[in-house]
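# Architecture and fold: a report
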Amino acid sequence: MNDPGRIQPTACTLESTRTAAGAPLLEVAGLTVLLEVDGAKRAVLRDVSLTVQQGEAVGLVGESGSGKSMTARAIDRLLPRGAEVQGSIRFGGADVNALAGADLRRYRNQVAMIFQDPRAHTNPVRRVGDFMTEALRTNLGVPAAEARRRAVDMLSQVGIEDGDRRLRQYPHQMSGGMLQRIMIAAALLTEPRLLLADEPTTALDVTTQAEVMAILDGLRRDFGLAMLFITHDLELAAAICDRTVVMYAGQVVEVRASTLLHTDPLHPYTAALAAARPDIGQTAHRLRAIPGRPLSAFEAPPGECAFAPRCAHAGDICRTAVPALIELDGGISRCALARELRGKLQEAASG
Amino acid sequence: MANTNGAPVLEATGLRKEFGDLVVVDDISFRLPLGRSLAIVGESGAGKTTIARMIVGLEPPTRGTIIACGHDRSRPARSTRDRRRRGREVQIVFQDPYTSLDPRQTAEGTIDEVLRLHHGWPASRRRARTAELADLVGLDTRQSRALPRSLSGGQRQRVAIARALAAEPAVLILDESVASLDVSIQAQVLNLLADIRDETHVSYVLISHDLAVVRQLTDETLVLHCGKVVERGPTARVLDDPQHPCTQRLRASAPRPGWKPRRQALPTAE
Amino acid sequence: MSAAVPLSGPVSRRHRVWAMVRATGPAGIASAIIVAVAAFLALFGPLLAPYPPNLPNLSLSWVGPTGGHLLGYDFEGRDVLSRLLAGAQTAMLGPLAVVTVSMTAGTLFAVIAAWRRGASDVVISSGLDILFAFPGILLAVLAAAVFGAGLIAAAIALSIAYLPYVARVLRGAALRERSQPYVAALEVQGASARSICLRHLIPNIAPLIVAQATILFGYAIVDLAAISFLGLGVQPPTANWGVMISENQSGIVQGYPLPALAAGVCIVVVVIAVNVLGERLIEQAQAAHE
């Protein structure tokens, strides 16, 4: 029986994930994370591999237990104490988990994280200006006046024109949407090379979400930043990301160009997820719901495909071993039957 | 379920709610015929949840009337008996599955308590009805006997739906009831709600920011902006051919395959 | 959205209490044991005393520990150990009465204020603010002046003094619980305020109530002992730890510290144990709420 504590990594060295531009900016290979829960070690990520190229936007999509947020935290070195990490995370070639001291601080300037709830990540008793310019002043030694000037400039880029006044305000004086825009501006001030956005619009109104997404997309392209965009919404990820990674039960199950995700998915879960959404353009008699519920990595039955119990296409081969990653048509799938199901998934989903 | 004699099962006229100087709901009127479902959409702060709370009696309207099943509920109930009767007319399912159940009560206990409130039945009959309701919402025996902390978000929402249905209301208000659920679970619960409606003929009032969910579940839609109705009509028409700029903006902001976000021309006043 | 937690079946109440205590760690367990022993002594202490605790024998004053008298004799020649055992009763049953009265009244006011909010809350909170101004000992002195010295007057005075503390803490927790959607759901169902408060609100803040009670108990022991020390509570010759400190204090400077110190140590040990247990239980109650 497999020992859940020692999962063999299958490092993703597939050539299709590297573009001609050269080495990827962020390279996660065989990442496995175990957390201690009630005295037992439980896997929350199993053998996760993904890459983000310079200037590329990659979406990370999944439901509860998929491990998408945990992946972002692992990349940003924000895992809870006692977490056991296997596999590697490399940023610009350097091993992220080995960084310390000044190197770690420099890494945090280069990788900026935007969280879901801006209020939970801002100090309510400090002015917005202090918080925004802090990294510039303390880590990069920029003088205060210059830091404020840059902050005001960045605020106008996110659509906040009266920047001077806003810098003097406190977080509670602003709406969620405004605060999130300020967080984006703050993240961009240190001129990072990679943005980690963890469900940045989930807590926002749908119209504010569209606005913030447009800002994020526009600025990212203007500054040539790479981005890892985490969300539970497949369409949202496809909207601003070049490639989308789909996760289930702590594993990567599909990597696909966003434009092909709906028309030609490579994994039954992706197709089922897309099909489960109601259509704003028409009423279906009944939605195509996936039976069962999404599992965490440690709840998944060992020794078989984690999605098999819920999969309409599951075969015997799916229950005999955890499927390996397969390359297909420029994408990646963790389905043992990916080749056979190619082209049929979309038909089955749309009935 | 109350007999409405052809009258609308829920009717609001000139609803207004002020909190001090702030007018949150301004002159809202609508009629919900028996067996039909209504959606109330709009951005946050538009007044949607306030309207839900007024209908269900958690908030008294400043002005205006609400009539459910032929009974006026515009003023707070004067007795517990009155409140219980109103509970049999209109019920509500809240958004957050993690705080809408008593953490110390099993699903069976939750449903049983409501049955005891509304009916003077012996324990055996209550047990049978509890099992029926649990089955109706798709909870198995193990889940019915479990405490909320052992249940997932989707399962908890099922318990909340069963609790609401135990009162056999004519109207069920769904206040963003599926918004906190995973996509695959949301689909299950939406199907469940449709099945329940087929079986019990309950009328839904759906408060939602998710227009795709609105399309799936409702016949009529009310679009709110700053407390006022800016557009109303059959759901399909409102979503396919929005007339008011607010509705158009909501429609344009909804992610769907092939959608690209664009910065809005109107600056947001905050 | 969080992943589902594996199912745990319903457990018996005793099992749950033991699990709660065990989860407080070694300090919590040790404290729980001490508290249990103290409770036992409070009930059966006088029966366990090997020698009559109130029989003076002046020829034996201040004699140190000898065979059969582990802690020696006090200033009137009475066996110290026996007096400690007998004194456990008044030392702890008095605080128990104080805690019971103040917790009950405090819970009542807290829940009423939290449930009704608005004007009722303002009135109750203002009343509590006024009560806050009176320290327990001061009220006890007042009570002694009006009703004469004695345990009952002191206990009542202390209950009134503690009431605002209890009500303040519980009001916050009750308000938090009151604003939860499940309470709103019950209101919409038409459940009466009384049934919601008794069957749902109070049980959900019960861990906090228990924890608060244990901490209050520690304070009550010290305050009642101090009041007795001042001569306003339990009257000599009745055995009581506070009284024992008072009546034996002259022994400290004369070179016979044991009787007074022994009584002091008893108070300190029980108060610390009760406080540690109480704080651990509060931590748990708050952690469980997250």
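Remember, it's a predicted structure, so these values are computed and weren't measured experimentally.

Cut-off values and rules
Residues numbered from 1 in each chain as written. Chains lettered and ligands numbered in written order. Predicted model: local features only at pLDDT ≥ 70, side-chain atom pairs only at ≥ 80, totals over all residues. Helix = DSSP H or I, 4+ residues; strand = E, 2+ residues; numbered from the N terminus. Buried ≥ 20, exposed ≤ 12 C-beta atoms within 10 Å, placed from the backbone. Contact = placed C-beta atoms within 7 Å. Rg over C-alpha atoms; globule rule 2.2 N^0.38 Å. Expected span 1.5 Å × (residues − 1). Arc of directions from axis to C-beta. Pairing = 2+ DSSP bridges. Nonpolar A, V, L, I, M, F, W, Y, C, P; charged D, E, K, R; others polar. Axes fitted to C-alpha atoms, helices over the stretch in contact; angles between N-to-C directions. Parallel < 35°, antiparallel > 145°, perpendicular 65-115°, else oblique. Left-handed = near helix turned anticlockwise from the far one by under 90°. pLDDT = per-residue confidence, 0-100.

Another aspect to go through is the overall build of chain C. Secondary structure assignment for chain C yields 10 helices and 0 strands. For chain C, the spread of C-alpha atoms along the principal axes amounts to about 75 × 50 × 30 Å. Residue burial in chain C is summarised as follows: out of 290 residues, 45% are buried. When contacts within chain C are restricted to residue pairs at least 6 apart in sequence, long-range pairs at least 24 apart make up 69% of them.

Here we take up the overall build of chain A. A count of helices and strands for chain A gives 12 helices and 12 strands. Relative to a compact globule of 351 residues, whose C-alpha radius of gyration would be 20 Å, chain A shows 21 Å and is just as compact. Seen through its C-alpha atoms, chain A measures out along the principal axes to roughly 65 × 50 × 45 Å. Taking as baseline every contact in chain A between residues at least 6 positions apart, the subset at least 24 positions apart corresponds to 66%.

Attention now goes to the interface of chain C and chain B. Taken together, the 19 residues of chain C in the interface contact 31 residues of chain B. Secondary structure elements with two or more residues in the side of chain C that touches chain B: helix H7 (181-189) and helix H8 (193-229) of chain C. When residues of the side of chain C that touches chain B are assigned to their parent elements, the largest contribution, 7 residues, is made by H7(C).

The subject of this paragraph is helix H3 (residues 107-118) of chain B. Taking 1.5 Å as the rise per residue, H3(B) with 12 residues should run 16 Å; its terminal C-alpha atoms sit 17 Å apart, in good agreement. Turning to H3(B), its buried residues number three or more, namely B:Ala107, B:Glu108, B:Thr110, B:Ile111, B:Asp112, B:Glu113 and B:Val114.

A few words now on helix H5 (residues 136-147) of chain C. Residues and elements named next belong to chain C. Over its 12 residues, H5 extends 16 Å from the first C-alpha to the last, a length consistent with the 16 Å expected when each residue adds 1.5 Å. Among the residues of H5, Gly136, Leu139, Ala140 and Ala143 are the ones counted as buried. Considered in projection along H5, the buried side chains sweep an arc of 100° and stay on one side of the axis. Along H5, exposed side chains directed more than 90 degrees from the buried face belong to Leu138 and Ala145. Those residues of H5 that are buried are in contact with helix H6 (151-178) and H8.

This part takes up the pairing of strand E1 (residues 26-37) of chain A. All names here are of chain A. In this sheet, strand E4 (residues 84-91) lies alongside E1 in antiparallel orientation, the contact comprising 7 bridges. What sits directly across from threonine 32, in E4, is glutamine 86. As judged from the 9 bridges shared by E1 and strand E2 (residues 40-52), these two strands associate in the antiparallel manner. Note that in E2 the partner of valine 37 across the bridge is alanine 40. Count of turn residues in the E1/E2 antiparallel hairpin: 2 residues, of which aspartate 38 carries a positive phi of about 55°.

Attention now goes to the interface of chain A and chain B. The partner chain B presents 35 residues to the 38 residues of chain A that form the contact. Elements with a contribution of two residues or more to the side of chain A that touches chain B: helix H7 (206-223), helix H8 (234-240) and helix H10 (268-276) of chain A. Ranked by the residues each element gives to the side of chain A that touches chain B, the list is headed by H7(A), at 9 residues. Across the side of chain A that touches chain B, the residue classes tally to 20 nonpolar, 7 polar and 11 charged.

Attention now moves to the packing of H5(C) against H8(C). All names here are of chain C. Two numbers describe how H5 lies on H8: the axes approach to 10 Å, and their chain directions differ by 40°. What the angle tells us is that H5 and H8 run oblique. As H5 runs across H8, the sense of the crossing is right-handed. Taken together, the residues of H8 that come into contact with H5 (itself represented by Gly136, Ile137 and Ala140) are Asp223, Ala226 and Ile227.

Moving on: the environment of A:Val28. Looking at the secondary structure, you find A:Val28 in strand E1. The contacts of A:Val28, once residues within four sequence positions are left out, are A:Val48, A:Ser49, A:Leu50, A:Ile75 and A:Ile89.

With that out of the way, let us pick up the sheet that holds strand E2 (residues 22-32) of chain B. Within the open sheet, the 4 strands sit side by side as E2-E1-E4-E5 (chain B). Their pairing is antiparallel. The sheet is open, and its two edges are formed by E2 and strand E5 (71-72) of chain B, each paired on a single side.

Time to look at the confidence of the model for chain A. For chain A, the average pLDDT comes to 87, and 93% of its residues sit at 70 or higher. Counting contacts from residues 1-20 of chain A, a segment whose pLDDT is below 50, to residues more than four positions away or on other chains yields 33 contacts.

Glancing now at unusual backbone geometry. In this structure, A:Asp47 takes a positive phi of about 55° despite not being glycine. When you line up the elements, A:Asp47 lands in strand E2. For A:Asp47, a count of 25 C-beta atoms within 10 Å corresponds to the buried category. A positive phi angle, close to 50°, is found at B:Glu168, a residue other than glycine. Secondary-structure assignment places B:Glu168 in the loop between helix H6 (153-166) and strand E7 (171-175). C-beta crowding within 10 Å serves as the criterion here: with 17 such atoms nearby, B:Glu168 is assigned to the partly exposed category.

All names here are of chain C. Mean pLDDT over chain C stands at 85; residues scoring 70 or higher make up 92%. Mean pLDDT values for the elements of chain C range from 68 in helix H1 (residues 13-22) up to 96 in H7. Considering only residues more than four positions removed or in separate chains, one finds that residues 1-10, a stretch of pLDDT under 50, has 18 contacts. Across the interface, the model reports ipTM at 0.90; the global pTM reads 0.86.

To continue, consider the sheet that holds E4(A). Taking strand neighbours across the sheet as the criterion, the 4 strands line up as E2-E1-E4-E5 (chain A) in an open arrangement whose pairing is antiparallel. Across the chains shown, the open sheet's two edge strands, defined by having one partner strand only, are E2 and strand E5 (94-95) of chain A.

Another point: the pairing of strand E4 (residues 63-68) of chain B. Residues and elements named next belong to chain B. Sheet analysis places strand E1 (residues 10-19) next to E4, joined by 5 bridges and oriented antiparallel. For threonine 13, the partnering residue across the bridge sits in E4 and is threonine 65. Where E4 meets E5, 2 bridges bridge the pair, whose relative direction is antiparallel. Residue pairing in the sheet places isoleucine 67 in a bridge with aspartate 72 of E5. With antiparallel pairing between neighbouring strands as the criterion, E4 and E5 make up a hairpin whose turn holds 2 residues, including cysteine 69 at a positive phi of roughly 50°.

What follows concerns the environment of B:His201. All names here are of chain B. Relative to the assigned elements, histidine 201 resides in the loop between helix H7 (183-200) and strand E8 (203-207). The class of histidine 201 is exposed, set by 12 C-beta atoms lying within 10 Å. For the pair histidine 201 and alanine 170, spaced 31 residues apart in sequence, the C-alpha separation works out to 7.8 Å.

The next subject is the packing of helix H3 (residues 80-116) of chain C against H8(C). Helix-helix packing is characterised by the crossing angle of the two axes and by the distance between the axes. All names here are of chain C. Between H3 and H8, the shortest axis-to-axis distance is 7 Å and the interhelical angle comes to 145°. In the crossing of H3 with H8, the sense of the turn from one axis to the other is right-handed. In this structure, H3 uses Ala91, Met92, Gly94, Pro95, Val98, Val99, Ser102, Met103, Thr107, Val111 and Trp115 to contact H8, whose residues at the interface are Ala193, Cys197, Leu201, Ile202, Ile209, Ala213, Leu216, Phe217, Ala220, Ile221, Leu224 and Ala225. Of the residues belonging to the contact of H3 with H8, the class tally is 20 nonpolar, 3 polar and no charged.

Residue and element names in this part refer to chain B. Structurally, isoleucine 66 can be placed in strand E4. Residue isoleucine 66 is classed as buried on the basis of its 21 C-beta neighbours within 10 Å. Along the primary structure isoleucine 66 and alanine 162 are separated by 96 residues, whereas in three dimensions their C-alpha atoms are 25 Å apart. Beyond its immediate chain neighbours, meaning those up to four positions away, isoleucine 66 contacts Ala12, Leu15, Met54, Ile55, Pro61, Arg73 and Ser74.

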